[in-house]
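Secondary and tertiary structure notes
Given next are the chains, with one letter for each unit.
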Amino acid sequence: MDIKEALQDVQTIKSVAAGLTRKRDDIYLLMTVTYRIGRKWLIRVVSAALRDEIAAHEEIRVDRRTQRNVFRFLIELAWPVKIKLRSRYTNALQYARVRNCPIEGLTDFIKRNGGIEECAKKYIAHKKKVRFKRTTW
C-alpha cells in the first residue's frame, strides 16, 4: 500500500464523518467505514513508517501507543470526537474484529451484543483474559 491510497482511505472516513447528522444510527455508518478500511489496512500490513507519513501529511500528532492500533489511528486522524469516545469506539471495533464479524453485519453485531459501550467492555474483558491466560506450567 502506498501513501496515496492510504490518504484516500483517510479522506473517505473524513467525508463520511463530515456528512453525518445527529440521528441515532449514523455513528454505525462511520464505524462500518472505519472497520472496512481498518481491516483492509490489517490485511495489507500498513507499516509504522507509512503511518508516520500519513500523520505528518495530515499535520496531526499521534502518540506511538495509538499508532499500534489501526482502528484507533484511523479514529484519531478522521473522527471529530472526544478522547473518551475514541477509546470506546476503538474497543468496540476491536471486539468485532476478534469475533470475526463480517463488514456488512457490523451494525447488527454491535446492537446484538448490547451496543457500542457493551462491545467495548467485552473487548477489554477479552483482552484481560487473553493476557493472563497461562499457556505453560
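Residues numbered from 1 in each chain as written. Predicted model: local features only at pLDDT ≥ 70, side-chain atom pairs only at ≥ 80, totals over all residues. Heavy atoms only, no water.

In this section: the overall build of the chain. For the chain, the count of helices and strands is eight helices and zero strands. Listing every helix and strand of the chain by position from the N terminus yields α-α-α-α-α-α-α-α. The C-alpha radius of gyration computed for the chain amounts to 15 Å, which stays within 12% of the reference 14 Å derived for 137 residues, consistent with globular compactness. Dimensions of the chain, computed from the C-alpha atoms along their principal axes, are close to 45 × 40 × 25 Å. For the chain, with 137 residues in total, the buried portion stands at 42%. Taking the intrachain contacts of the chain between residues at least 6 apart in sequence as the baseline, contacts between residues at least 24 apart amount to 63%. Surface accessibility of the chain: about 8800 Å² in total, with carbon and sulfur atoms responsible for 50%. The average position of the 31 basic charges and that of the 15 acidic charges among the side chains of the chain differ by 9 Å. (Helix = DSSP H or I, 4+ residues; strand = E, 2+ residues; numbered from the N terminus. Rg over C-alpha atoms; globule rule 2.2 N^0.38 Å. Buried < 20%, exposed > 50% of the residue type's maximum accessible area, 1.4 Å probe, protein only. Contact = heavy atoms within 4.5 Å. Areas by Shrake-Rupley, 256 points an atom, 1.4 Å probe, with all protein chains shown as cover. Lys, Arg positive; Asp, Glu negative; His and termini not counted. Charge placed at Lys NZ, Arg CZ, Asp CG, Glu CD.)

The phi torsion at Val45 lies on the positive side, around 50 degrees, for a residue other than glycine. Relative to the assigned elements, Val45 resides in the loop between α2 (26–44) and α3 (48–57). Its identity is not glycine, yet Asn100 carries a phi of approximately 55 degrees, on the positive side. Looking at where Asn100 falls in the secondary structure, it is placed in the loop between α6 (83–98) and α7 (106–112).

Of all the nine residues making up helix α5 (residues 70–78), nine are buried; the element is thus mostly covered by neighbouring parts of the structure. Considered for burial, the residues of α5 that qualify are Val70, Phe71, Arg72, Phe73, Leu74, Ile75, Glu76, Leu77 and Ala78.

A word on the nonpolar core. Met31, Trp41, Ile54 and Trp79 are the most contacted members of the largest nonpolar core, which has 39 residues in total. Looking at this core, the elements that each hand over two or more residues are α1 (3–18), α2, α3, α5, α6, α7 and α8 (116–131). Setting aside chain neighbours within four positions, we find Trp41 in contact with Met1, Ala6, Asp9, Val10, Val46, Ile54, Val70, Phe73 and Leu74. (Core = buried A, V, L, I, M, F, W, Y, C linked by side-chain atoms within 4.5 Å.)

Before going further, it helps to examine the packing of aromatic side chains. All told, the structure shown has four aromatic pairs when counted by the stated rule. Ring geometry for Tyr35 against Phe71: centres 5.9 Å apart, planes inclined by 20 degrees, an arrangement best described as stacked. Here Tyr35 is found in helix α2, whereas its partner Phe71 is found in helix α5, with 36 residues between them in sequence. For the residue pair Tyr35 and Phe71, the accessibility class agrees, reading buried in each case. Between Tyr95 and Phe109, the ring centres sit 5.7 Å apart and the planes meet at 35 degrees, which makes this aromatic pair tilted. Of the two residues, Tyr95 is situated in helix α6 and Phe109 in helix α7; the sequence distance between them amounts to 14 residues. (Phe/Tyr/Trp six-rings, centres within 6.5 Å; stacked < 30°, edge-to-face > 60°.)

To continue, consider the packing of α3 against α5. For the pair α3 and α5, interaxial distance at closest approach is 11 Å and the crossing angle is 10 degrees. When the axis of α3 is compared with that of α5, the two are roughly parallel. Within the contact between the two elements, α3 uses Arg51, Ile54 and Ala55 and α5 uses Val70, Phe73 and Leu77. Looking at side-chain class alone, the contact of α3 with α5 contains five nonpolar, no polar and one charged residues. (Axes fitted to C-alpha atoms, helices over the stretch in contact; angles between N-to-C directions. Parallel < 35°, antiparallel > 145°, perpendicular 65-115°, else oblique. Nonpolar A, V, L, I, M, F, W, Y, C, P; charged D, E, K, R; others polar.)

Purely geometric numbers; function is a separate question.
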